[in-house]
Amino acid sequence: MGICHQILPENGYVRPGYLVVGTDSHTTSHGALGAFSFGIGATEMASVWTLGRILNVQVPETIKIVVNGKLQDFVEPKDLILYIVGLLGAEGANYKVIEFHGETIRTMNTSGRLTLCNMTVEAGATSGIVPPDDETIRYLRQVAGVQDEIEMVTPDPDAQYCQEIAIDASKLVPQVACPHTVDNVKPISEVEGIKINQIVLGSCTNGRLEDLETAYNILKGKKIARGVRMLVFPASGRIYREAAKRGYLLGLMEAGAVVVNPGCGPCLGVHQGALGDGEVALSTTNRNFKGRMGNPNSEVYLCSPSVAAASALTGVITDPRKGG
Amino acid sequence: MGKVIYVLGDDISTDIIYPGRYMATVLPTETPKYVFNDIKELHQMLVENKFNPGDFIVAGKNFGCGSSREQAVSTLRGYDIKIIAKDFARIFLQNSINLGLPTYICPEIEASVGDELEIVGDKVINHTTGKEFKLIPHHKSRQAIIDAGGLIPYTRKKLLEERKQ
């Protein structure tokens, strides 16, 4: 039960060196485990099933992004990828692969890497990829229960890149993508105080256990602001059950959040949490296109779990570093 | 030859072309009803058939960005219309070719509503302004699918070839 981009990794279906296709643009997520993974359309999937192989892969160029430095407290992988999407623009990586390197990535857990790779498509990328390492093996063995041999496929030492970008993670502040494009990214100081009607925590981008824990730690024992709805949707049934066992869900509910079933939830406006006319959502999901949450007369801001939780307490966009 | 019926900007997302709230249907007979649902003028022009077969929609960069939803192509495929954009998002372009939606990549295109356009070889001629713009040819792997009439006939052909071997 849950979103394919969580179910596949957590059950060991994705391994380094695999080629993964899925009929969803956020199939880029699986690059977090060192796979080459991208979205295709439904007819193309029928063709893959028929022929047992993928056609039409135009060999992409690769952008190398090297991230060094320690993320500040309350600054998360989501802030990093929002910053990168803002930097590259909505089509800055069209037909290209984004490959992540550097100490910040090496010390990031697989959940964070999934968040990074998930949103590479928002810069147009065919795929995002993190070269597999000890953390990949840890995740596959301990979380995904993989017992057989894991083949490590890593970049050639003389690999060619079409572009290289260096980022100092220690200088990064919380980021927010403003309506109505994902690349309309601003540091939180420029959007603090904007009134929010609905907070959304979840999705294939930020519906993992660590994300729920982050929000729980900010919200436990407190109450979300009057007039604000907060919807929480874990990315999979396994995460839901684990978050329940650890008390995160109860803590979030006691703070005033509504926990819904695992799945895509309000992210794409097909059910649950569609916005009313003139309403504003602050969401940990991945897209804020006009009408995305079911109503063209509403606005969606995108942020990290920390920003979402801190803002739930105040009812306005709030910098979690200034937490009370 | 056809007229430009509408000019769109950059980064037109699949949510604009086909809003997520209509994703319950995938039927190519139904998806055209919701085409550009939230751009009322364009929506009405298409569903009320206020254009001529072979007319053009002109768009900026990154047309079709976002979701892999094929409804964003099948909805347009319901109308005899051509799309010229400065460029297309990858999945949308591949879906267009797979489903046989005529798409043209023209980075320099300049056109206004009402202009008469014609595709001649690897060029777009704007007969209203007298200007010509070069088209970027589709990648050869995509052109092969276009030539076969779409991905379904192409796959069928491939499958038959493999069975013969």
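Residues numbered from 1 in each chain as written. Chains lettered and ligands numbered in written order. Predicted model: local features only at pLDDT ≥ 70, side-chain atom pairs only at ≥ 80, totals over all residues.

(A) Quick look at the overall build of chain A. Scanning chain A from terminus to terminus reveals eleven helices and 13 strands. On C-alpha atoms alone, chain A measures out to a radius of gyration of 19 Å, which is about the 20 Å that the 2.2 N^0.38 rule sets for 324 residues. In terms of its C-alpha atoms, chain A occupies a principal-axis envelope of roughly 55 × 35 × 35 Å. Here the contacts in chain A between residues at least 6 apart in sequence split such that 74% fall between residues at least 24 apart. (Helix = DSSP H or I, 4+ residues; strand = E, 2+ residues; numbered from the N terminus. Rg over C-alpha atoms; globule rule 2.2 N^0.38 Å. Contact = placed C-beta atoms within 7 Å.)

(B) Layout of the environment of K195 of chain A. All names here are of chain A. Locating K195 in the fold gives a position in the loop between β8 (185–187) and β9 (198–202). Since 15 C-beta atoms lie within 10 Å of it, K195 is described here as partly exposed. Excluding residues that lie within four positions of it along the chain, K195 makes contacts with V280, G315 and V316. (Buried ≥ 20, exposed ≤ 12 C-beta atoms within 10 Å, placed from the backbone.)

(C) The interface of chain A and chain B, seen in detail. Listed by partner, the interface residues are 32 residues for chain A and 31 residues for chain B. For the side of chain A that touches chain B, the leading source of residues is helix α2 (residues 42–51) of chain A, giving six residues. Here the side of chain A that touches chain B is built from residues that sort into ten nonpolar, 16 polar and six charged. (Nonpolar A, V, L, I, M, F, W, Y, C, P; charged D, E, K, R; others polar.)

(D) How the structure looks around helix α6 (residues 134–143) of chain A. All names here are of chain A. For α6, every residue scored as buried is listed here: T136, Y139 and L140. Taken down its axis, α6 places every buried residue within 90° of arc, on the same side. For α6, the exposed residues lying more than 90 degrees away from the buried face are D134 and Q142. Looking at the packing, one finds that the buried side of α6 touches α5 (110–118). (Arc of directions from axis to C-beta.)

(E) Structural context of the sheet that holds strand β4 (residues 103–105) of chain B. Residues and elements named next belong to chain B. Taken in spatial order, the seven strands line up as β4-β3-β2-β1-β5-β6-β7 in an open sheet, and their pairing is mixed. One side of each edge strand has no neighbouring strand; the edge strands of this open sheet are β4 and β7 (131–134). Looking at each pair of strands side by side, their axes are set apart by 30° on average, direction ignored. Pairing analysis gives four bridges linking strand β5 (residues 116–120) to strand β6 (residues 123–126), with the strands arranged antiparallel. Residue I119 lies in a different strand from β6, and its bridge partner there is V124. (Pairing = 2+ DSSP bridges. Axes fitted to C-alpha atoms, helices over the stretch in contact; angles between N-to-C directions.)

Remember, this is a structural readout, not a statement about activity or role.
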